[in-house]
Structure formats: structure tokens, C-alpha cells
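If you want the building blocks of each chain, they are given just below.
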Amino acid sequence: MIIDGKKVSDKIKSELKNKVYKLKEGGIVPGLAVILVGNNPASKIYVKNKQKACEEIGIQSRQYLLDEKTSQKDLLELIEHLNKSTQTHGILVQLPLPSHIDEFTVAQAINAEKDVDCFNASNVGKLILDKSNLLPCTPAGIIELLKRYHIQIQGKNCTIVGRSNIVGKPLALMMLKENSTVTICHSKTLELENFCRQADILISAVGKQKTIKADMVKPKATVIDVGINRNSEGKICGDVDFSGVFPKAGFITPVPGGVGPMTIAMLMKNVICAAELHLSSPLD
Ligand code: NAP
């Protein structure tokens, strides 16, 4: 069965619309500031998609499109200004940043309560301690998909291929919280196939097409494809050899239309959560 991330994300966005409506009744218009430094074409598309989602559900989105040569100091000053703004509940700095800007320093500069990507150390620490209000968007989107398709997580073997700070590591923590038995694989893992074949839930976040082939998948397993790649024809594809794996898997996400739309829906959820937190304890 194909897991339709687009359909689920549309449903979530319509649920979030009601929350935005209630916030507006209370005098709060949820606001997201999106900062893009430079002209990376993929980043431009991501920023546009995020703005479109904001418009759909009534979040006020403000874009800050900065020149490639913007200094780190100027970027940090803008973040500081947005940290203080009562109209801005979420701040997102689109990655990757130009090489003269340090991503860690930038993530740390964002007020933890406005860190809707959940990248700063305070929010990562809270995630480990199960104390976070804001959850990293892509991992949260994956867990939401599993739950909405009633795919059991508790007690299941989950293999995650990829250990990035954005996807693999936080996802492992969150799947652990859901009581699955988690294995994390990476580029130095020996005999990757064996770990993949043990998985009831196999998640690939590598960024290389055809990393996961049919002979690596347990029959009836759930296969979640996070990867976004381009094939030889220039078309978007995931990490999973979809046509080979589809007949063997129980559930599978397509690319596009699987995890991607869920990431944006979860970002919207975080902005609303940040606005609700602001309502209960205003920063200023
Ligand atoms: P990343 O930071 O480049 O991490 C890739 C991970 O894959 C690393 O841990 C790396 O291992 C591992 N890896 C590389 N080659 C491997 C191999 N042959 N076998 C096993 N593991 C291997 O990437 P990321 O930011 O996590 O993103 C991964 C993919 O997901 C990309 O295609 C990205 O565009 C996509 N993505 C999609 C969404 C979405 O919303 N759909 C969101 C975020 C990312 P080492 O640690 O050993 O180097």
C-alpha cells in the first residue's frame, strides 16, 4: 500500500487552520520568519513551498532574502531582531548556508521557543529528555504518517539508514520513545543489507538513489523514503528502488508525495505551537 503523504498533510493543514482561527480570535496571528541567504535553487523552492503552506492555513509568513555575501554578524543581528519581535513566533533559517557562515552559531542564536526547525542545542537536549514542545519536522512527519496509517511502532524493529542531526539522530530518539527497537546505520556500517532485512520499519535518509533494493527489505515491511535525489532523467526520486521494493513492502512512501509534504505540515504545526506558547507566556 502506498502511503499518501500529500493527502495526510492536506488533512493536517486543514486541522491546523482551525487552530489558527482560534488563535486569531484571541488576538494572535501566528507569524513565521523565513531567512534565505544566497540563491541555492533547491532552497528557493523549499522556501516558496513553506510560504505557500503558510498562506493556505493563515499563518503570516515573512521572507528575508539575503545576499550570498551577507556577513554572519548581519545575519545574527537580523535573528536577534526577530527574537524580540512579538509578531514572529517561529524563525527558520534555510540550510545550507554559505560556507563563511557557521550553521551551529546561527541555530544557537535563534530563541529556543521560536526554533521551529528544532535545531538548536536546547531543543535537541529537550528532545533527549522528552521535554520538548517543538519537534524536528521531518522525523515528526514520519511518525505522524505511521500513526495515521495505524502502523504499529511499539515492539517493532526499526532500522534507520542515515545519522544526520536533521533526520537520522532525532528520528532514532523519537522512534525509541514510541517503543520500537532502533538500529541506526551509516556509511561505515558493515553489511547494511542484514540490518535492513531485520526491519519491520525501514527508513532511509541517505540522499543516494537506489540505496535500498528489494533484496534488502523484509516481506511486508513498512518502507519510508526520506531521500530527495535526481535520477539520470533529472526527475526527483528517493533512496529506495521504488519499482523493485513496492511489490515486497507492506507499506511504502513515494518520492515525491511521501515524507516531503509531511515535513512542511509539521513545520506549520510547530509555528502554531510556538504561537500558543507565546499566548500562555508572552516573551515581551
Ligand atoms: P546527510 O546529512 O548527508 O546524511 C546522510 C546520511 O547517510 C549520513 O549519516 C551518511 O553516513 C549516510 N550514508 C551515506 N551514504 C551511505 C551509504 N552508502 N550507506 C549507508 N549510509 C550512508 O543528509 P540528510 O540531511 O539527513 O538528508 C538525507 C536525505 O534526505 C537527502 O536526500 C535530503 O535531501 C533528504 N531530506 C528530505 C527531507 C524531506 O522532507 N523529505 C528532509 C530532510 C532531508 P555518515 O554519517 O557515515 O556520513
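Residues numbered from 1 in each chain as written. Predicted model: local features only at pLDDT ≥ 70, side-chain atom pairs only at ≥ 80, totals over all residues. Heavy atoms only, no water.

**Q** Please clarify how the overall build of the protein should be interpreted in this entry.
**A** The helix and strand tally for the protein stands at ten helices and ten strands. Whereas a compact globule of 284 residues would reach a radius of gyration of roughly 19 Å, the protein reaches 19 Å, a difference of no more than 12%. Seen through its C-alpha atoms, the protein measures out along the principal axes to roughly 55 × 40 × 35 Å. The buried share of the protein, taken over its 284 residues, is 46%. Partitioning the contacts of the protein with sequence separation of at least 6, the portion at a separation of at least 24 is 71%. Surface summary for the protein: the accessible area is close to 14000 Å², and the carbon and sulfur share equals 54%. The distance from the centre of the 36 positive side-chain charges to the centre of the 29 negative ones in the protein is 4 Å. (Helix = DSSP H or I, 4+ residues; strand = E, 2+ residues; numbered from the N terminus. Rg over C-alpha atoms; globule rule 2.2 N^0.38 Å. Buried < 20%, exposed > 50% of the residue type's maximum accessible area, 1.4 Å probe, protein only. Contact = heavy atoms within 4.5 Å. Areas by Shrake-Rupley, 256 points an atom, 1.4 Å probe, with all protein chains shown as cover. Lys, Arg positive; Asp, Glu negative; His and termini not counted. Charge placed at Lys NZ, Arg CZ, Asp CG, Glu CD.)

**Q** Help me understand the sheet that holds strand β2 (residues 60-66), please; the structure alone is not making it clear to me.
**A** Paired through their backbone hydrogen bonds, the strands of a sheet run either parallel or antiparallel. The strand order across the open sheet built from three strands is β2-β1-β3, with neighbouring strands paired in parallel fashion. Since the sheet does not close on itself, it has two edges, and those belong to β2 and β3 (90-93), each with one partner. Averaged over all adjacent pairs, the angle separating strand axes in this sheet is 15°, with direction ignored. In this sheet, β2 lies alongside strand β1 (residues 31-37) in parallel orientation, the contact comprising seven bridges. Within β2, the residue paired with Gly31 across the bridge is Gln60. Contacts from helix α2 (residues 41-57) reach β1, β2 and β3 within the one sheet, and its direction differs from that of β1 by about 170°. Helix α3 (residues 72-84) rests against β1, β2 and β3 of the sheet, and its axis sits at about 180° to β1. (Pairing = 2+ DSSP bridges. Axes fitted to C-alpha atoms, helices over the stretch in contact; angles between N-to-C directions.)

**Q** Is there a simple way to explain the sheet that holds strand β7 (residues 222-225) in this structure?
**A** Ordered in space as β5-β4-β6-β7-β10, the five strands form an open sheet in which the pairing is parallel. Pairing within the sheet leaves two strands with one partner each, and these edge strands are β5 (181-185) and β10 (251-252). Looking at chain direction, β7 and β10 are connected through two bridges and run parallel. Residue pairing for β10: Val223 is matched across the bridge by Ile252.

Note that every value here comes from positions in space, so none of it alone points to a role or purpose.
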